[in-house]
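Structural description and commentary
Here is what each chain is made of, one letter per residue.
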Amino acid sequence: MPSTAFCPPTFVAQTLTTSSGKLVYYTASDRYWGNSLERPPLIFLHSLGGGSSHYEWSQVYPAFASRYRVIAPDLIGWGASDHPAREYYTSDYWLMIAELLRMVGTPARVVASSLTAGILVRLAVQQPHLFSHLCLVCPSGFNDFGEDQGQGLARAILSVPALDRLIYAAAAANPLAVRNFLTQFLFANPQRLREETVAAYLESACRYGAEWAALSTLKGNLSFDLSQYLPQLQTPTVIFWGEAAKLTPLSLGERLYASAPDRIQGFYRIPEAGVLPHLEVPEWMIHGLRRYFLM
């Protein structure tokens with residue numbers, strides 16, 4: 001059975017067999033929340049950085065369980081889901097997300113962050129029938145407007161065979177590295193970082209085979225220019241952006257919004273928050289999502 005160590009109370013882990021492997025997702029227990037199958041689906045998708053998992057949204061998605069069928073997966077290669085030992089590409093995530101959406105029912109409301117949010121835009125452009133609404137948090141393709149979002153050096157170093165996995169073990173899959181990554185790059189205010197968050201990211205980063213998906217992101221296998229796809233969106237979409245985001249600064253978000261203002265219904269800045277406001281100031285995200293989805 002998949003681990004529920006970092007699963008919110010009254011939520012349970014379930015599995016879906018996809019063409020990419022076993023996908024674990026977390027959803028409200030019928031025992032406490034009633035029959036959720038009768039509610040419209042609301043999907044929360046985590047980012048694609050070392051240690052990522054459904055836990056990233058665990059402070060937010062319980063707030064919507066009474067009204068929606070909440071689904072928070074660990075994407076293939078992350079968390080408790082299968083970790084095939086291979087390179088990962090954008091098409092892999094299109095396939096697994098599309099399979100998940102068809103399983104829960106479409107069109108669906110989907111919330112996603114960072115690179116996953118960018119990938120979701122491309123999927124929505126290709127298959128708009130899968131979505132009713134999109135909420136994107138600091139979306140990026142990591143090569144937006146032709147500018148490398150800080151991955152050039154990492155890509156060069158990690159292209160050396162075998163060296164990449166050694167670097168991952170030393171620089172990502174240990175407590176000090178995880179804490180430093182969270183405080184230096186993801187959180188605007190390190191004092192908001194909880195020990196539980198460090199433990200959850202460490203547990204995910206240390207799973208057998210976890211390096212494959214994480215290194216594929218760092219190598220640039222998934223990078224693209226999101227600004228080329230936003231103008232093609234047909235799905236109602238809003239963007240939330242942490243004003244103090246470091247990896248993808250607010251100025252990038254404003255440029256992306258300006259590239260397709262007629263396709264995006266709103267651009268909302270979250271003060272004193274980094275690239276993962278849903279972990280750092282979850283109350284802001286809950287309020288913003290309620291206003292958007294229930295308006």
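Scope of this entry: the structure provided in the associated data block. (Residues numbered from 1 in each chain as written. Predicted model: local features only at pLDDT ≥ 70, side-chain atom pairs only at ≥ 80, totals over all residues. Heavy atoms only, no water.)

Here's the deal with the packing of aromatic side chains
What counts is decided by this rule: Only rings of Phe, Tyr and Trp enter the pairing, Trp through its six-membered ring, and a pair is recorded when the two centres are within 6.5 Å. The plane angle decides the type: under 30 degrees is stacked, over 60 is edge-to-face, the rest tilted. When the NZ atom of lysine or the CZ atom of arginine is within 6 Å of a ring's centre and also within 35 degrees of its normal, the charge is said to sit over that ring.
A full pass over the atoms with the stated rule returns twelve aromatic pairs. Measuring from centroid to centroid gives 5.9 Å for Phe-224 and Tyr-229, while their planes differ by 85 degrees, and the two rings are edge-to-face. Members of the aromatic cluster, each reached through a chain of ring pairs, are Phe-11, Trp-33, Phe-44, Trp-57, Tyr-61 and Phe-64. Positioned above the aromatic ring of Phe-224, the side-chain terminus of Arg-122 is 4.7 Å from the ring centre. Its end group placed over the ring of Phe-64, Arg-290 keeps NZ or CZ at 5.9 Å from the ring centre.

Let's talk about the environment of His-133
This is how it is decided: Under the scheme used here, helices are H or I runs from DSSP no shorter than 4 residues and strands are E runs no shorter than 2 residues, and both carry numbers assigned from the N terminus. Each residue is assigned to one of three classes by its accessible area relative to the maximum for its type, calculated with a 1.4 Å probe on protein chains only: buried under 20%, partly exposed between the two thresholds, exposed over 50%. The contact criterion used is simple: two residues touch if any of their non-hydrogen atoms lie within 4.5 Å. Throughout this description, a polar contact denotes any pair of N or O atoms lying within 3.5 Å of each other; where both atoms belong to protein, one of them has to be capable of donating a hydrogen while the other can accept it, and for residues adjacent in sequence the pair is counted only when both atoms sit in side chains.
Assignment of secondary structure puts His-133 in strand 6 (residues 131-137). Residue classification places His-133 among the partly exposed residues on the basis of a relative accessible area of 23%. Counting along the chain gives 105 residues from His-133 to Val-238, while the straight-line C-alpha distance between them is 8.5 Å. Excluding anything up to four places from it in sequence, His-133 contacts Ala-108, Arg-109, Val-110, Thr-235, Pro-236, Tyr-292 and Phe-293. For His-133, the side chain forms a polar contact with the side chain of Ser-132, separated by 3.2 Å.

Quick look at the pattern of salt bridges
Put simply, the test is: What makes a salt bridge here is a side-chain nitrogen of Lys or Arg within 4 Å of a carboxyl oxygen of Asp or Glu, nothing more.
Under the counting rule described, the total for this entry stands at nine salt bridges. Across the pair Arg-86 and Asp-92 runs a salt bridge, and its minimum N-O distance is 3.2 Å. Arg-86 gets classed as partly exposed once you look at its relative accessible area, which sits at 27%. Residue Asp-92 is classed as buried on the basis of its relative accessible area, which comes to 14%. Note that Glu-196 and Arg-194 form a salt bridge whose closest N and O atoms lie 2.9 Å from each other. On the accessibility criterion, Glu-196 (36% relative accessible area) is partly exposed. Residue class for Arg-194 comes out partly exposed when judged on its relative accessible area of 38%.

Examining the environment of Pro-8
Along the polypeptide, Pro-8 turns up in the segment before strand 1 (11-18). Taking the C-alpha atoms as reference points, Pro-8 and Ala-28, 20 residues apart in sequence, are found 9.1 Å from one another. Apart from the residues within four sequence positions on either side, Pro-8 is in contact with Ser-58, Tyr-61 and Pro-62.

Overview of unusual backbone geometry
Look at the link from Thr-106 to Pro-107: it is a cis peptide, with omega at 0 degrees. Inspection of the secondary structure puts Pro-107 in the loop between helix 2 (90-104) and strand 5 (108-113). You will see that Glu-272, though not glycine, has its phi angle at about 55 degrees, which is positive. By the element assignment, Glu-272 lies in the loop between strand 8 (266-270) and helix 10 (277-280).

Focus on the sheet that holds strand 4 (residues 69-74)
Convention followed: For two strands to be treated as a pair, DSSP must find at least two bridges joining them. Only the stretch in contact is used when fitting a helix axis, every axis being a line fitted to C-alpha atoms; angles between N-to-C directions are given from 0 to 180 degrees.
Spatially, the eight strands line up as an open sheet ordered 1-2-4-3-5-6-7-8, and their pairing is mixed. At either end of the open sheet lies a strand with only one pairing partner, and these are strand 1 and strand 8. Here the average twist between neighbouring strands, direction ignored, is 20 degrees. Alignment of strand 5 against strand 6, held across six bridges, turns out to be parallel. Following the sheet pairing, Ala-112 is matched in strand 6 by Leu-136. Contacts from helix 2 reach strand 1, strand 2 (21-28), strand 3 (41-45), strand 4, strand 5 and strand 6 within the one sheet, and its direction differs from that of strand 3 by about 155 degrees. Strand contacts of helix 3 (residues 114-126): strand 3, strand 5 and strand 6, with the helix running at about 150 degrees to strand 6, the strand carrying the most contacts.

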